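Inside the fold
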Number of protein chains: 4
Amino acid sequence: MGEIKTIGVLTSGGDSPGMNAAIRAVVRTSLYHNLNVVGVMRGYEGLIAGELVPMNRKSVSNIIGRGGTILKTTRSAAFRTPEGRMAAFENIQKFKIDALVVIGGEGTFTGANVFSQEYGLPVLGLPGTIDNDLIGTDYTIGYDTAINNVISAVDKIRDTAESHARVFIIEVMGRDSGLIALRSGIGSGAEAILIPESETDIEELFRRLEESRTYKSSRIIMVAEGRHAGGLEVSEKIKERFPKYDVRLSILGHIQRGGSPTCMDRVLASRLGVAAVDALLAGHKGEMVGVVNNAIHFTPFHNAIKHISEINPNLLRIVDILSL
Amino acid sequence: MGEIKTIGVLTSGGDSPGMNAAIRAVVRTSLYHNLNVVGVMRGYEGLIAGELVPMNRKSVSNIIGRGGTILKTTRSAAFRTPEGRMAAFENIQKFKIDALVVIGGEGTFTGANVFSQEYGLPVLGLPGTIDNDLIGTDYTIGYDTAINNVISAVDKIRDTAESHARVFIIEVMGRDSGLIALRSGIGSGAEAILIPESETDIEELFRRLEESRTYKSSRIIMVAEGRHAGGLEVSEKIKERFPKYDVRLSILGHIQRGGSPTCMDRVLASRLGVAAVDALLAGHKGEMVGVVNNAIHFTPFHNAIKHISEINPNLLRIVDILSL
Amino acid sequence: MGEIKTIGVLTSGGDSPGMNAAIRAVVRTSLYHNLNVVGVMRGYEGLIAGELVPMNRKSVSNIIGRGGTILKTTRSAAFRTPEGRMAAFENIQKFKIDALVVIGGEGTFTGANVFSQEYGLPVLGLPGTIDNDLIGTDYTIGYDTAINNVISAVDKIRDTAESHARVFIIEVMGRDSGLIALRSGIGSGAEAILIPESETDIEELFRRLEESRTYKSSRIIMVAEGRHAGGLEVSEKIKERFPKYDVRLSILGHIQRGGSPTCMDRVLASRLGVAAVDALLAGHKGEMVGVVNNAIHFTPFHNAIKHISEINPNLLRIVDILSL
Amino acid sequence: MGEIKTIGVLTSGGDSPGMNAAIRAVVRTSLYHNLNVVGVMRGYEGLIAGELVPMNRKSVSNIIGRGGTILKTTRSAAFRTPEGRMAAFENIQKFKIDALVVIGGEGTFTGANVFSQEYGLPVLGLPGTIDNDLIGTDYTIGYDTAINNVISAVDKIRDTAESHARVFIIEVMGRDSGLIALRSGIGSGAEAILIPESETDIEELFRRLEESRTYKSSRIIMVAEGRHAGGLEVSEKIKERFPKYDVRLSILGHIQRGGSPTCMDRVLASRLGVAAVDALLAGHKGEMVGVVNNAIHFTPFHNAIKHISEINPNLLRIVDILSL
């Protein structure tokens, strides 16, 4: 392809707080470079269906602080088929889009990679997922907001737990990854954290519960949903072992991914959105734009995959020490 | 009994935000009148077990903004037995308590009523429950915070719902009462509200969902937990009827009752706590102290029961109109 | 005028949280009654300038939780002139508006009253102001959010005050009225509250500060801006009298009137918006629609004025007792 | 000195959110290593005055989420004198303290450095300041909470600014550093950011204001307090140049440093607190413990000073682009 005159932008996969800040940055940076910008509604589904809208300065006014994504998002089955991608490319041509920025997670990048290779369209990706589980970036857009949503919920539950001397099992998001559970667990002073990446012996958990009973009036156990059967299983086991404990289960669910993004997520999204447009103009393509050690970092799409085993052992040790 | 020199205070039943503000008001007003104050830990359980602690100005410093209750709370089975109440009264005598303020709900007042009649101790009650379901007060301590917790959670869920064009079923607290669902439903712009007090035809709900599908990108259905089988049942029925809808269930659970109390709950608790001590000195006993039409109002304990049928029909009509 | 087919709605004066919820209710209730609705931008200024836009269901989607007003607001000097009002009425005719709902405070209603009498247009007003200072309603739209904004700010300041053993003077809004200072002062556990309506002897304040020094590590003095020279004056006097105290002044300013409205403000605004349209259709005009003792209440515009002297003496006594 | 058996901990200088999480981590990690821990009240002042208290598990229960510092803090003039430090060391000996952890900023470390060299006591420092201006750590404890406090305040002000089409000047903390202004300015979508480190031409600001007038309904100018005369000066100049603009000044003040710490600040404080005790046992002394590129990093006290010139030029460019 030749010179870039028009950039398209879409969000795909699960929504994450900060996606709007990223869209805003892509739009404003494009305008700054005197490019046209087209917003694609509903991710790859909308690209296939032709739901594209030209964007201007006003389109992204006052969205930096809003959760969700004004472009909407879906998971698209059709885009996994050659027919779907062909229809998508027809709309790319119809709207004269010369390069694309996609905001999402591993699935989004996989689709982008295939599409970009089939049709030669320059595509860059921004990591928009609350799970923080992508290789190639220290933080994903939405993670910081999600863990703050969790600690804010657990702070509330702690009030009740303390008042009633209860054991609370809190299930947080993370199908393959315990990163949300780990950070938010440390942040909320959880007495134990159970994650898929680290096999905590349930007997060890029992031992700690028994021991801390004498000097703790409440206990919070943080469980990642992807850890075996999640919070329910842990809750049942504790009830069985300690029938006298007042055990409660709270599944935080969707409140984790909503809400106004934190400053860190807004700044990260802004930086990455600016960098993506700059990089497209500089010839980058087929890469995810992330931040590593506070510097912009590019990772080829096929490497920007989920990593599920690299839990910092220091953080696990911190949990052990601080939950004393 | 003769002159009141020492006042006891306890919290009982489910905790509610604002209980600490009420405790603070009882303690400070007692000190203002040069009385002694004794805090009873863990409600009637602690009264039976002798867990009583003298309180001073410092005991209640900086608690006005904290959720839960520094005195802890339980539901006591022992207090329902004559033996339990006898043990409790022995501690009343041991600590020279001349009058008692109990903060809780219907069950708390029932216990207080029996105890007060058996032993002639002056007892007044403050309505501390998030359910707002007591006759004799326009608002209970904790209700305003609870409904604000709900709308704050639903605002977050709305971000996700909008981004994905989903139907969200939100189950909120209220075993016998839809008051939390009703107010927070109006406050969060819910498309429908299902409560125990009003039999919404499920077919009518289906009709509205179908109709609004054309012009609403997301729909929020608020369900009180006490409405049949709660949110799960509603969720299953919608999925069955509209298999193409992206339907999600979120059970808000314990985050509803925690957190720093709102200004309204802090002021209400402060007013009621002051009024309770003033009233004990003026000879009141066996009553709940509430607020009706912005004035302090006393209701005999046996009348301060749950009312489950008085839903304001205007509010239901407002839901119908505004969810258009 | 004859049958009402089209309703206009505008916001005027200072913005207040919940105005959007009121606009939404006016729009949706009008549509419910199969009426047309026209939004007037920038209050009376926009009415004069012809900035009117037809509104539909989508116009008010997802605004219930947003601060400010989507219709914008101004204070209009031109509307105080006969020429201004004549230009305004020409636009009323041009857009075939049969009745008008104005959301604002005393100034807004004064303008509405004159306009309505000059041109015979039915106009109803909704109390949209954070000051809660209007006769004819127990609460104004925005007041509850404002006092919660204040206590949330003071809770933060208390952290610092406690850590450093400081005396903090907090100036809050209220040019003629101490209602914000009074409620938020009780809610934040202020040690003293200085308001225009009640002449607190400065020597009495000094006495309390001196006395509480021995058992309080921090002190918060809440001052309404309309009390003499506001917080600065109080701050200077305390510094002069107690040069060793670490005294700080914080003027909260505009953060008080922004932010997502509380549940109470959203419900109040929804109820009043529905009631206003219902009432116009029932023939009401020239009145403010408020809530008194939890029921809808109509007050002729010329009575819906600021009341500056009716401070509940019980609340002042509560401050004295609880700040012990 | 020989084996470490007792560790002292204190907070000094301005309080910052997360200090409590750091204290908790120091205490729990000491107990984990079977050491004694002594809390020093009111920083170096308390060390001189002998205000030391033994700490146990309970001392730090449920403080991870609280702003301020339970140990209180001061700026101590006496500790800058040899007599003051001698008195302090006498208390160190009296309480058998073998090593000390001090939490604060540059001034705190300067004092620690002198004291440690004079008396041979091992001392480590943790960066507790909202300003994020210390060499040797990517983030200081409290910075993330402070910038989130700012964006939350500005989000509220934006509601009002939009409703009235105003220009708002927001003055934020940062006497020597624009780091708070810069990040929070990007995060709140400020139209311009004025900081001490970068001389923005006031004429350039005027030009941007004039240009954006046509397509922006509100403008937010973020000013660091240390930039010339701060927000007031900027505000006056804009009013003078554009007399028709509705210009408002808001000085955020102390709300910036209070409130419950963010997850990031709690995790950072926890990591650093654990690392400090581990490091003391491993023989470290005379250093600040920070985090660089997500790994624990030690910096000698004399290097852990304020750095005032290293503003990331990319961030300034981002402001220019995104404020378009």
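Quick notes on the rules
- Residues numbered from 1 in each chain as written.
- Chains lettered and ligands numbered in written order.
- Predicted model: local features only at pLDDT ≥ 70, side-chain atom pairs only at ≥ 80, totals over all residues.
- Heavy atoms only, no water.
- Pairing = 2+ DSSP bridges.
- Helix = DSSP H or I, 4+ residues; strand = E, 2+ residues; numbered from the N terminus.
- Axes fitted to C-alpha atoms, helices over the stretch in contact; angles between N-to-C directions.
- Domains from an automatic or database assignment.
- Contact = heavy atoms within 4.5 Å.
- Buried area = accessible area lost by both parts, 1.4 Å probe.
- Salt bridge = Lys/Arg side-chain N within 4 Å of Asp/Glu carboxyl O.
- Buried < 20%, exposed > 50% of the residue type's maximum accessible area, 1.4 Å probe, protein only.
- Right-handed = clockwise from strand over helix to strand, strands pointing away.
- Phe/Tyr/Trp six-rings, centres within 6.5 Å; stacked < 30°, edge-to-face > 60°.
- Lys NZ or Arg CZ within 6 Å of the ring centre and 35° of its normal.
- Nonpolar A, V, L, I, M, F, W, Y, C, P; charged D, E, K, R; others polar.
- Least-squares fit on C-alpha atoms with pLDDT ≥ 70 in both.
- Polar contact = N/O pair within 3.5 Å; in protein donor to acceptor, adjacent residues only side chain to side chain.
- Expected span 1.5 Å × (residues − 1).

Time to look at the sheet that holds strand β9 (residues 247–251) of chain C. Residue and element names in this part refer to chain C. Taken together, the four strands give an open sheet; going across it, the order is β7-β8-β6-β9, and neighbouring strands pair in parallel fashion. Each edge of the open sheet is held by one strand with a lone partner, namely β7 (192–194) and β9. Each adjacent strand pair in this sheet contributes to an overall mean axis angle of 20°, direction not counted. By the bridge criterion, five bridges tie strand β6 (residues 167–172) to β9 in an arrangement that is parallel. Of the residues in β9, the one forming a bridge with Glu171 is Ile251.

Below, the discussion takes up the domain arrangement of chain A. Residue and element names in this part refer to chain A. One can read the domain layout of chain A as domain 1 (6–142 + 261–304) and domain 2 (146–257). The C-alpha centroid of domain 2 is placed 35 Å from the C-alpha centroid of domain 1. Facing ten residues of domain 1, the contacting portion of domain 2 comprises nine residues. For the pair domain 1 and domain 2, the two sides together bury roughly 790 Å², of which 53% comes from carbon and sulfur. For the interface between domain 1 and domain 2, the tally reads zero salt bridges.

Turning our eyes to something else, we now look at helix α6 (residues 179–187) of chain B. Of all nine residues that make up α6(B), nine are buried, and the element is covered over most of its length. Taken together, the buried positions of α6(B) are Leu179(B), Ile180(B), Ala181(B), Leu182(B), Arg183(B), Ser184(B), Gly185(B), Ile186(B) and Gly187(B). Close packing links the buried residues of α6(B) with α5 (143–164), β6 (167–172), β7 (192–194), β8 (219–224) and α10 (313–322) of chain B together with α9 (263–281) of chain C. Directly beyond the C-terminal end of α6(B), a positive phi value near 65° is found at Gly189(B).

Residue and element names in this part refer to chain A. Reading across from one edge, β7-β8-β6-β9 is the order of the four strands in this open sheet, with parallel pairing throughout. Of all the strands in the sheet, just β7 (192–194) and β9 (247–251) have a single pairing partner and so form its edges. Adjacent strand axes in the sheet meet at a mean angle of 20°, parallel and antiparallel pairs treated alike. Here strand β6 (residues 167–172) pairs with strand β8 (residues 219–224) via six bridges, running parallel. Pairing of Ile170 across the sheet is with Met222, part of β8.

Time to look at the pairing of β8(B). Residues and elements named next belong to chain B. Of all the six residues making up β8, six are buried; the element is thus mostly covered by neighbouring parts of the structure. Direction of pairing for β7 relative to β8: parallel, over a ladder of three bridges. Paired with Ala192 across the bridge in β8 is Ile221. Taken together, β7, helix α7 (residues 202–212) and β8 constitute a β-α-β crossover, and its handedness is right-handed.

Another point: the packing of aromatic side chains. With the rule as written, the count across this model stands at 32 aromatic pairs over all chains. Here Phe109(A) and Phe301(A) contribute two aromatic rings whose centre-to-centre distance is 5.4 Å and whose plane-to-plane angle is 25°, an arrangement assigned as stacked. Placement of the pair is Phe109(A) in helix α4 (residues 106–119) and Phe301(A) in the loop between β11 (295–300) and α10 (313–322), with a sequence separation of 192 residues. For Phe109(A), a relative accessible area of 1% translates into the label buried. Using a relative accessible area of 4% as the deciding quantity, one classes Phe301(A) as buried. An angle of 90° between the planes, with centres 5.7 Å apart, marks the rings of Phe206(B) and Phe242(B) as edge-to-face. Of this pair, Phe206(B) sits in helix α7 while Phe242(B) is found in the loop between α8 (231–241) and β9 (247–251), placing the two residues 36 residues apart along the sequence. You'll find Phe206(B) and Phe242(B) in the same group, each marked buried. Here the aromatic cluster, defined as three or more aromatic residues joined through ring pairs, consists of Tyr44(A), Phe79(A), Phe89(A), Phe115(A) and Tyr119(A). Between Arg241(B) and the ring centre of Phe242(B), over which it is positioned, the NZ or CZ distance is 5.0 Å.

Each partner contributes residues to the interface: chain C has 47 residues there, and chain B has 47 residues. Taken together, both faces of the contact between chain C and chain B bury some 4200 Å²; the carbon and sulfur share is 57%. Here chain C is connected to chain B by four salt bridges. Notably, a salt bridge pairs Asp155(B) with Arg266(C), separated by 2.7 Å at the nearest N-O pair. Of all elements in the fold, only α1 (19–32), α5 (143–164), α6 (179–187), α9 and α10 (313–322) of chain C reach the threshold of two or more residues within the side of chain C that touches chain B. Here the residues of the side of chain C that touches chain B sort into 18 nonpolar, 14 polar and 15 charged.

Attention shifts here to the relation of the copies chain C and chain B. When chain C is brought onto chain B, the operation consists of a screw motion whose angular component is 180° and whose axial shift is 0.0 Å, with 0.0 Å RMSD remaining. Here the copies are linked by what is in effect a two-fold axis. Nearest to the rotation axis, the C-alpha of Asn293(C) is located 2.5 Å from it, this being the minimum over chain C. Comparing interface residues between copies, 100% of those in chain C also sit at the interface in chain B, which points to an isologous, same-surface contact.

A few words now on the pattern of salt bridges. All names here are of chain A. Under the definition given, this model contains 56 salt bridges over all chains. Ionic pairing is found between Arg248 and Asp246, a salt bridge with its closest N-O pair at 3.1 Å. On the accessibility criterion, Asp246 (28% relative accessible area) is partly exposed. What you see here is one network of salt bridges that share partners, running through Arg158, Glu191 and Lys216.

Okay, unusual backbone geometry next. Located in the positive-phi region is Asn132(B), a residue other than glycine, with phi close to 55°. Turning to its location among the elements, Asn132(B) is positioned in the loop between β5 (123–127) and α5. Judged by relative accessible area, Asn132(B) falls into the buried class, the value being 9%. Of note, the phi angle at Asn294(C) is positive, near 70°, even though the residue is not glycine. Turning to its location among the elements, Asn294(C) is positioned in the loop between β10 (287–292) and β11 (295–300). The class of Asn294(C) is partly exposed, set by a relative accessible area of 38%.

The partner chain A presents 47 residues to the 47 residues of chain D that form the contact. At the boundary of chain D with chain A, total buried surface from both sides reaches about 4200 Å², with 56% on carbon and sulfur atoms. One can count four salt bridges joining chain D with chain A. Our count for the chain D to chain A interface comes out at 14 residue pairs in polar contact (both at pLDDT 80 or more).

Let us look at the relation of the copies chain D and chain A. Placing chain D over chain A gives an RMSD of 0.0 Å and needs a rotation angle of 180°, together with 0.0 Å of translation along the axis. Most of the interface of chain D is mirrored in chain A, where 100% of its interface residues are also at the interface.

Turning to helix α4 (residues 106–119) of chain B, a few remarks are in order. Residues and elements named next belong to chain B. Relative to the 20 Å expected for 14 residues at 1.5 Å per residue, α4 spans 20 Å between its end C-alpha atoms, a close match to the ideal helical length. Buried within α4 are the following residues: Thr108, Phe109, Gly111, Ala112, Asn113, Phe115 and Ser116. Where α4 is buried, its residues meet α2 (43–49), α3 (82–94), β4 (99–104), β5 and β10 (287–292). Once α4 ends, the next one or two residues include Gly120, with phi positive near 65°.

This part is about the environment of Tyr32(C). Relative to the elements of secondary structure, Tyr32(C) occurs in helix α1. In this structure the C-alpha to C-alpha distance between Tyr32(C) and Arg266(C), which are 234 residues apart in sequence, comes to 19 Å. If sequence neighbours within four positions are ignored, Tyr32(C) has contacts with Arg317(B), Ile321(B) and Leu324(B).

Right, let's talk about the side chain of Gln256(D) for a bit. Residues and elements named next belong to chain D. With respect to the element layout, Gln256 can be found in the loop between β9 (247–251) and α9 (263–281). In this structure Gln256 comes out as buried when scored by relative accessible area, which is 1%. Of the polar contacts made by the side chain of Gln256, one reaches the backbone nitrogen of Met173; its length is 2.9 Å. When sequence neighbours within four positions are dropped, the list of residues in contact with Gln256 reads Ala146, Asn149, Val150, Glu171, Val172, Met173 and Ile180.

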